[in-house]
Amino acid sequence: MNRSARTDRALIGVLAMQGAFAEHVRALEAAGARTRLVRAQADLEGLDGIVLPGGESTTMTMLMERVGLLEPVREAIRGGLATLATCAGMIVLARDVTDGMPEQKGLGLLDIGVRRNGYGRQVESFESPLHIEGMNGKEFPGVFIRSPLVERTGDVKVLATYEGHPVAVRQDRIVALCFHPELTSDLRLHREFVRLAMARP
Amino acid sequence: MGPRRISSVAEGNGARNGSESVKGSFKVKAGLAQMLKGGVIMDVVTPEHARIAQEAGACAVMALERVPADIRKEGGVARMSDPDLIKSIMAAVTIPVMAKCRIGHFVEAQILEALGVDYIDESEVLTPADEENHIDKHPFKVPFVCGCRDLGEATRRIAEGAAMIRTKGEAGTGNVVEAVRHARAVNAGIRKLQGMNHAELVHEAKQIGAPVEVLVECQGLGRLPVVNFAAGGIATPADAALMMQLGVDGVFVGSGIFKAEDPLKRAKAIVAATTYFDKPEVLAEVSAGLGKAMHGLEIPAIPKDELLAARGW
């Protein structure tokens, strides 16, 4: 990674419509990045990466659309902005969404198909250790909360699976996870993402 | 029955050691509340209301037979809602569905868990079933939210296993004054802990009836160790933003939406106000032209024995 190309710390935006954005801010700062909450188009200026956090995907997309943020975020990510999406963020990014609201619009940039709440309702939410590619064989604590189920993958690399279904995927500069590293004290995925953000294409 | 430990939201646990997957850990119970942050949870009494709430951007709905304003008006014993109604609301929306049980009524809670609701509100809005004990919430896989008026009450509920806290406010009044009082009381209680040594903290715990262990966590974090929403009397976008500026993580709106003239418009405005709570220019825009808010009640006009916030121990 050509970290030497930039000497300053990465500036990562965290989409702050609704959801667990403060938890990502904490994890990113602990991983050495600077952060900025993204609530308007101007907040996208000068970012090295963006996080689409967990929360309710319907709430997030509706608010983004209402305030005119959906299109600028789509353009930024399409233009190569490094993106980390967790849970609802993955739904917002996915090309196909099953069991969403009929008119739910997302970004449609990640070549996967997901089923909302595909693992069931809250009583089925679970924790499970995961083997993630690039984590040196050491397990990662997977926290799954009303998680989407990845039912189809297109042109993406699967980084981890749980019971045969992908739970972490990568497509170019997009990393999308069904689980919530921001709810744990394990910073490895956030550190990895900050490195990805700093490695300009 | 799982271990009765209180775990910090910031720390991982549960899946750390074993290779088995674990359901219903405190981590995933408190975690769902973290996903609700910055959002609005709306009371709904029909599937149609639930769809309107979802369309407006609610991050969850509370399924119940009567909104608090009607419970207050009609009187009588208020109980858990009919499971058929709750199921019809669960079928109508994709966002999380919460439902209320009476304080101490652990069988109503068992029924709600069996229905598969996503969160249980052990609520003072319903008539209490036990005047000493709240539900032991640890053995349940479904998470609980509980009301509080101050730090002592909040920490007692957390010790019993609540994975989320809300202010009680005074439900069904459309009057935010009690929610403000309760949010400020929690904040003041936590501020008071800063700078105390351990002996002083143990003394404070005794004074306010707080479990020491949870109070130590509050002192370390400078906040409650679980997500804390505002509830009870929020009726306008400005009310929601006021509570957010007082430091809560999100808001419940009960009677305030569907007792107003234009519920969809008002609901959308309250959602936007919760996200842009610190942007007065946005608040000015979304507050305009909403039609009539719910009529509302002055707290001194309510007979003392009809105050809902006094329920809970």
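Anything mentioned here points back to the structure above.
**Quick notes on the overall build of chain B**
- Counting its regular elements, chain B contains 13 helices and 9 strands.
- Since a compact globule built from 313 residues should have a radius of gyration of about 20 Å, the 19 Å found for chain B is in line with a globular shape.
- Judged by the C-alpha coordinates and their principal axes, chain B covers about 55 × 40 × 40 Å.
- Residues counted as buried form 60% of the 313 residues belonging to chain B.
- Sequence separation of at least 24 residues holds for 66% of the intrachain contacts in chain B that already meet a minimum separation of 6.
- Summed over all atoms, the accessible surface of chain B reaches about 12,000 Å², with 52% contributed by carbon and sulfur.
- Across chain B, 36 positive and 39 negative side-chain charges occur, with their mean positions spaced 2 Å apart.

**Details of the layout of surface pockets**
- Considering only enclosed or pocket space, the largest pocket measures out at about 590 Å³ in volume.
- Considering the residues around the largest pocket, the lining is formed by 31 residues, among which Ala22(A), Glu23(A), Lys37(B), Arg223(B) and Asp249(B) are closest to the centre.
- Within the residue set of the lining of the largest pocket, elements represented by two or more residues are α1 (21–30) of chain A together with α12 (263–275) of chain B.
- Tallying contributions element by element places α1(A) first for the lining of the largest pocket, with 5 residues.
- Classifying every residue of the lining of the largest pocket gives 17 nonpolar, 6 polar and 8 charged.

**Here we look at the packing of helix α2 (residues 47–56) of chain B against helix α4 (residues 83–92) of chain B**
Residue and element names in this part refer to chain B.
- Where α2 meets α4, the axes come as close as 8 Å, and the angle between the chain directions of the two elements is 35 degrees. At the point where α2 passes α4, the crossing takes the right-handed sense. Across the interface between the two elements, Pro47, Ala50 and Arg51 of α2 pack against Ser88, Ile89 and Ala92 of α4.
- Counted by class, the contact of α2 with α4 contains 4 nonpolar, 1 polar and 1 charged residues.

**Structural notes on the nonpolar core**
- Phe179(A) and Met243(B) are the most contacted members of the largest nonpolar core, which totals 117 residues.
- In terms of residue count, the dominant contributor to this core is helix α5 (residues 188–198) of chain A (6 residues).
- Among all residues touching Met243(B), those that are not within four sequence positions of it are Val176(B), Ala179(B), Val180(B), Ala183(B), Ala230(B), Ile234(B), Val248(B) and Val251(B).
- If you look at the next biggest cluster of nonpolar residues, it comprises 44 residues, including Phe26(B), Val28(B), Met35(B) and Met196(B).

**Some details on the sheet that holds strand β5 (residues 94–98) of chain A**
Residues and elements named next belong to chain A.
- Across the sheet, which stays open at both edges, the 3 strands sit in the order β5-β6-β9 with mixed pairing between neighbours. Looking at strand neighbours, the two that pair on one side only are β5 and β9 (149–153), the edges of this open sheet. Adjacent strand axes in the sheet meet at a mean angle of 25 degrees when their direction is disregarded.
- Bridge analysis of strand β6 (residues 110–115) against β9 gives 4 bridges, and the strand direction is antiparallel. Looking across to β9, one finds that arginine 115 is bridged to leucine 149.

**Observations regarding α4(B)**
All names here are of chain B.
- Three or more residues of α4 are buried, namely Leu85, Ile86, Ile89, Met90 and Ala92. Viewed end-on, α4 has its buried residues packed into an arc of 160 degrees, placing them on one side of the element. Away from its buried face by more than 90 degrees, α4 exposes Asp84 and Ala91.
- Buried residues in α4 make contact with β2 (40–44), α2, β3 (60–63), β4 (97–102) and α5 (106–115).
- Where α4 begins, one side-chain oxygen reaches toward the backbone nitrogen of aspartate 84, 2.8 Å away; that side chain belongs to aspartate 82.

The rules behind the values
- Residues numbered from 1 in each chain as written.
- Chains lettered and ligands numbered in written order.
- Predicted model: local features only at pLDDT ≥ 70, side-chain atom pairs only at ≥ 80, totals over all residues.
- Heavy atoms only, no water.
- Helix = DSSP H or I, 4+ residues; strand = E, 2+ residues; numbered from the N terminus.
- Rg over C-alpha atoms; globule rule 2.2 N^0.38 Å.
- Buried < 20%, exposed > 50% of the residue type's maximum accessible area, 1.4 Å probe, protein only.
- Contact = heavy atoms within 4.5 Å.
- Areas by Shrake-Rupley, 256 points an atom, 1.4 Å probe, with all protein chains shown as cover.
- Lys, Arg positive; Asp, Glu negative; His and termini not counted.
- Charge placed at Lys NZ, Arg CZ, Asp CG, Glu CD.
- 1 Å grid on protein atoms, 1.4 Å probe; cavity = no way out; pocket = protein on both sides within 12 Å on 5 of 7 lines; lining within 4 Å.
- Points joined across faces, edges and corners; volume = space filled by probe spheres on them.
- Nonpolar A, V, L, I, M, F, W, Y, C, P; charged D, E, K, R; others polar.
- Axes fitted to C-alpha atoms, helices over the stretch in contact; angles between N-to-C directions.
- Left-handed = near helix turned anticlockwise from the far one by under 90°.
- Core = buried A, V, L, I, M, F, W, Y, C linked by side-chain atoms within 4.5 Å.
- Pairing = 2+ DSSP bridges.
- Arc of directions from axis to C-beta.
- Polar contact = N/O pair within 3.5 Å; in protein donor to acceptor, adjacent residues only side chain to side chain.

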